[in-house]
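Each chain is listed here by its residues.
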Amino acid sequence: MDREWGKLFVYGTWRRGEKHHHLLKNAKLMALQAWTDGKLLDDPRGGGPVLGVPGEQRVYGELYRVDRETLNRLDEMTKDPLRKQESFGEYRRIRRRIQSDRGAVEADVYIHTQVPAAGGRKVSYGDWKGYHLEGQREWLYFAYGSCMDDERFYTQGVEEHFRDVIGRGVLKGHAMRYTLPRPDGGRADLVEHPKSVVEGKVYRVGARALAYLFWREGVDDGTYRPAWIPVEIEGKTVENVLTFIVIQKGKETPPPEHYAREILRGSQDIVSERYHRHLRRRLKKRFGMTVKI
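Residues numbered from 1 in each chain as written. Predicted model: local features only at pLDDT ≥ 70, side-chain atom pairs only at ≥ 80, totals over all residues. Heavy atoms only, no water.

Draft legend 1. A look at the overall build of the protein chain. Secondary structure summary: the protein chain contains five helices and 11 strands in total. Expected size for 293 residues packed as a compact globule is a radius of gyration near 19 Å; at 20 Å, the protein chain falls within 12% of this value. In terms of principal-axis extent, the alpha carbons of the protein chain reach across some 65 × 40 × 40 Å. In the protein chain, buried positions account for 51% of the 293 residues. A separation of at least 24 residues holds for 72% of the contacts in the protein chain among residues at least 6 apart in sequence. Counting 53 positive and 42 negative side-chain charges, the protein chain places the centres of these two groups 5 Å from one another. (Helix = DSSP H or I, 4+ residues; strand = E, 2+ residues; numbered from the N terminus. Rg over C-alpha atoms; globule rule 2.2 N^0.38 Å. Buried < 20%, exposed > 50% of the residue type's maximum accessible area, 1.4 Å probe, protein only. Contact = heavy atoms within 4.5 Å. Lys, Arg positive; Asp, Glu negative; His and termini not counted. Charge placed at Lys NZ, Arg CZ, Asp CG, Glu CD.)

Listed below in structure tokens is the structure:
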């Protein structure tokens, strides 16, 4: 611990937008997009996820700075006999290497002492928030790249599934970068960046749109991952809005002109004029690109 403060990685119901996040009311967010290696299983008794180590799965969560009082309170909670599980053992707090867009740090994390080789459903995408995809008929989806443009929706015959446009969404603490390398140039990604803002288009989508997005974003191929983020819509913050984030981020490379055009064309009637100018200026300043739409 540094003095009276330490770092804590949370991956389940203590995360933002989840039912027990209030337990971290005095904590300070360090990274909304953080991860570690392990094995994440769903507690069959409905208590939330259980994390075991070692494991080869990338497990996503959030990184916080917490005070000693908060950590002591969490320690006591995890020792509660009512929270012990016969199949997964007890909680134990250990120090673990945690990754984020800003690099790696050592942080505390609560794991389970016994994670069986079989038993307990593997949590999809290594992200407990993935359960938001289950038991729902529709979702809010935040598009910040080429999916703001509807031209490919029409050419691929899925336009009817993307007609319910809620409007402009604002994601704070992130920047849009072209970190996914492709033979013809980079593709859009979200990277955590203090004081930066990403604007995009928010859709209300159903199951068919979701299936198309998972295919288009290469989720099954490990290209993008589904992520759930807080988005400001009409001045109100909405938790657990779906978006897609690059898993293996590379060095930023210039996007192909046709792709940059899709982003500019799709965003021009949705995002603010200021943000649209920012997209244009960054293409010019960073890559020397002037794109006509």
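So much for the structure itself; the text now carries on.
Draft legend 2. Structural context of the environment of I245. Here I245 lies in strand β11 (residues 236-246). When its relative accessible area of 3% is taken as the criterion, I245 is described as buried. Leave out the neighbours within four places in its chain, and I245 touches Q33, Y144, D189, L190, T223, Y224, R225 and A227.

Draft legend 3. Just the packing of aromatic side chains, in detail. For the structure on display, the rule yields 16 aromatic pairs. Here W35 and Y60 contribute two aromatic rings whose centre-to-centre distance is 6.2 Å and whose plane-to-plane angle is 55°, an arrangement assigned as tilted. Pair noted here: W35 is in strand β2 (residues 28-42) and Y60 is in strand β3 (residues 49-67), with a separation of 25 residues, a long-range link. Y60 matches W35 in its accessibility class, with the two residues each being buried. When the ring of Y212 is compared with that of W215, the centres are 5.8 Å apart and the planes differ by 45°; the resulting orientation is tilted. One end of the pair is Y212 and the other is W215, both in helix α3 (residues 207-216) and three residues apart, which spans about a single turn. Looking at Y212, the relative accessible area reads 8%, which means it is buried. On the accessibility criterion, W215 (60% relative accessible area) is exposed. An aromatic cluster is built from Y125, Y141, F153, F162, Y203, Y212, F214, W215 and F244, whose rings are joined through pairwise contacts. (Phe/Tyr/Trp six-rings, centres within 6.5 Å; stacked < 30°, edge-to-face > 60°.)

Draft legend 4. Up close: the pairing of strand β5 (residues 103-112). In terms of strand pairing, strand β4 (residues 91-100) meets β5 through 10 bridges, oriented antiparallel. Pairing of R92 across the sheet is with I111, part of β5. A loop of two residues connects β4 with β5, the two strands running antiparallel in sequence. (Pairing = 2+ DSSP bridges.)

Draft legend 5. Looking closely at the confidence of the model for the protein chain. Looking at the protein chain, pLDDT values average 91 and 91% of them are 70 or higher. Below a pLDDT of 50 lies the segment residues 81-88, which in the model reaches 28 contacts outside its immediate sequence neighbourhood of four places, other chains included. (pLDDT = per-residue confidence, 0-100.)

Draft legend 6. Fine view of the nonpolar core. Residues F142, F162 and M176 are the most contacted members of the largest nonpolar core, which totals 49 residues. The set of elements that each furnish at least two residues to this core consists of β7 (139-143), β8 (165-182), β9 (185-205), α3, β10 (224-233), β11, α4 (257-267) and α5 (273-287). If we skip the residues at most four places from it in the chain, F162 touches F153, Y203, V205, A209, Y212 and L213. Membership of the second largest hydrophobic core comes to 15 residues, among which are F9, Y11, L63 and I94. (Core = buried A, V, L, I, M, F, W, Y, C linked by side-chain atoms within 4.5 Å.)

Draft legend 7. Here's a closer look at the side chain of D149. Within the secondary structure, D149 is located in the loop between β7 and α2 (151-155). D149 sits in the buried class, given a relative accessible area of 4%. Among residues more than four places away in sequence, those in contact with D149 are E262, R265 and G266.

Draft legend 8. Inspection of α3 at higher detail. Within α3 the residues assigned to the buried category are A209, L210, Y212, L213, F214 and R216. Contact partners of the buried residues in α3: β7, α2, β9, β10 and β11. G218 sits one or two residues past α3 and shows a positive phi near 65°.

Draft legend 9. Geometry of the pattern of salt bridges. Following the criterion strictly, the structure yields 22 salt bridges and no others. In this structure, E151 engages R265 in a salt bridge whose closest nitrogen and oxygen atoms are separated by 3.2 Å. Residue E151 is located in helix α2, and its partner R265 is located in helix α4; the two are separated by 114 residues in the primary sequence. When the shortest N-O distance is used, the salt bridge between R282 and E252 registers 2.9 Å. Note that R282 is positioned in helix α5 and E252 in the loop between β11 and α4, a separation of 30 residues in sequence. The class for R282 is buried, based on a relative accessible area of 18%. E252 gets classed as buried once you look at its relative accessible area, which sits at 13%. Each member of the salt-bridge network shares a partner with another, and the members are R15, E62, D127 and R225. (Salt bridge = Lys/Arg side-chain N within 4 Å of Asp/Glu carboxyl O.)

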